Amino acid sequence: MIKHGALYSGKAKTIFRTDNPEKLIMEFRDSLTAFDGKKKGEAQGKGYYNARISAKLFELLEENGIDTHFDSMLSDTDMLVDAVEIIKIEVIVRNIAAGSLARKYPFSAGQKLDPPIIIFDYKSDEYGDPMINEDIALALGLATGEELSRIRELALRINSILVSFLNDRDLLLPDFKLEFGRCDGRIILADEISCDTCRFWDRTTGESLDKDVFRFDKGDPVAAYREVAKRIAPAPG
Ligand code: TMP
Ligand code: ASP
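Summary of the structure given here. Please read these numbers as outputs of a predicted model, since none were measured by experiment. (Residues numbered from 1 in each chain as written. Chains lettered and ligands numbered in written order. Predicted model: local features only at pLDDT ≥ 70, side-chain atom pairs only at ≥ 80, totals over all residues. Heavy atoms only, no water.)

Inspection of the region around ligand 1 gives Arg-94, Ala-98, Gly-99, Ser-100, Asp-175, Phe-176, Lys-177, Asp-196, Thr-197, Cys-198, Arg-199 and Arg-215 as its neighbouring residues. Here an oxygen atom of ligand 1 sits 2.5 Å away from a polar atom, N or O, in the side chain of Asp-175. Between ligand 1 and Arg-199 there is a distance of 2.9 Å, counted from an oxygen atom to a side-chain nitrogen or oxygen. Per element, the largest residue contribution to the shell around ligand 1 is three residues, and it comes from strand 12 (residues 171-183). Its residues assigned to classes, the shell around ligand 1 shows three nonpolar, three polar and six charged. (Near = heavy atom within 4 Å. Polar contact = N/O pair within 3.5 Å; in protein donor to acceptor, adjacent residues only side chain to side chain. Helix = DSSP H or I, 4+ residues; strand = E, 2+ residues; numbered from the N terminus. Nonpolar A, V, L, I, M, F, W, Y, C, P; charged D, E, K, R; others polar.)

Rendered as structure tokens:
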């Protein structure tokens, strides 16, 4: 597989074209940002752990009947993925009140949310990823009603699969963010599922093992990401 020029460089990943128009390479970089890029950092090894975690969780979801864009790992940080048309909605699933939910609404941090809450944000740096509802998504032409229902259904199925897998590895999943894309008339899971896009808490101590370590200066982010990788995707050998 030949890696051509960069198509797009985001805050933590770069997307490259390949010699196959149906495949892209997603490179997980060591850069860390938070609060809409206002806080920036670099952490050696972070890209590798996020790639390993994402690959493992995509494989788990595929084994459980969820279509994802994941193809294979080409190196420690280069993931081969299907080229999809990204739907500009960030789908956030919440099982425990944390982060912006506990800040903006009268939930107490740590409160269990049963059934889980699904939130749609408009994926737009220009507008600061504002929360939207189904009417706004439809009026902006981001997706059809049928696609939004399918996305909700997939997000809930993905949540059940992840919660149960992580629970067996002593990890809680308070919330996480998903992105979906269109490919051959289907909606498939895209982007990443990693310590940058999920909250992972140690089930016993409640310790954060995710990007909150970087956001709120709680210690060494790479040590936290490494711990998650160790629990869910042990390195071979
Ligand atoms: P929040 O509590 O800050 O709204 O974050 C909810 C979840 O979404 C959390 O698991 C982190 C993830 N997330 C992203 O993946 N990208 C983002 O830009 C933000 C703000 C959150
Ligand atoms: N993803 C956003 C940023 O990198 C916000 C965050 O994760 O806190 O700035």
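Near ligand 2, the surroundings consist of Lys-11, Thr-33, Ala-34, Phe-35, Asp-36, Gly-37, Lys-211 and Arg-215. Residue Gly-37 places a main-chain N or O atom 2.6 Å away from an oxygen atom belonging to ligand 2. Here Lys-211 contributes a side-chain N or O atom positioned 2.9 Å from an oxygen atom of ligand 2. In terms of residue class, the shell around ligand 2 is built from two nonpolar, two polar and four charged.

For helix 1 (residues 46-63), spanning 18 residues, the distance from its first C-alpha to its last is 26 Å, which sits close to the expected 26 Å at 1.5 Å a residue. Following helix 1 by one or two positions, Gly-65 adopts a phi angle in the positive range, close to 85°. (Expected span 1.5 Å × (residues − 1).)

This part takes up the packing of aromatic side chains. In this structure the tally under the stated criterion is four aromatic pairs. Judged by centre distance (6.1 Å) and plane angle (20°), the rings of Phe-58 and Phe-70 are stacked. Here Phe-58 is found in helix 1, whereas its partner Phe-70 is found in strand 6 (residues 70-73), with twelve residues between them in sequence. Under the relative-accessibility criterion, Phe-70 is labelled buried at 12%. The ring of Phe-214 is capped by Lys-39, whose NZ or CZ atom sits 5.0 Å from the centre of that ring. Looking at Arg-169, its charged tip hangs above the ring of Phe-165, at a distance of 3.7 Å from the centre. (Phe/Tyr/Trp six-rings, centres within 6.5 Å; stacked < 30°, edge-to-face > 60°. Buried < 20%, exposed > 50% of the residue type's maximum accessible area, 1.4 Å probe, protein only. Lys NZ or Arg CZ within 6 Å of the ring centre and 35° of its normal.)

Here we come to the environment of Leu-80. Structurally, Leu-80 is set in strand 7 (residues 78-82). Each C-alpha atom of the pair Leu-80 and Lys-104 lies 38 Å from the other, and the pair is 24 residues apart in sequence. Ignoring sequence-local partners within four residues, the contact set of Leu-80 consists of Met-1, Thr-18, Lys-23, Leu-24, Ile-25, His-69, Phe-70, Asp-71, Ser-72 and Leu-74. (Contact = heavy atoms within 4.5 Å.)

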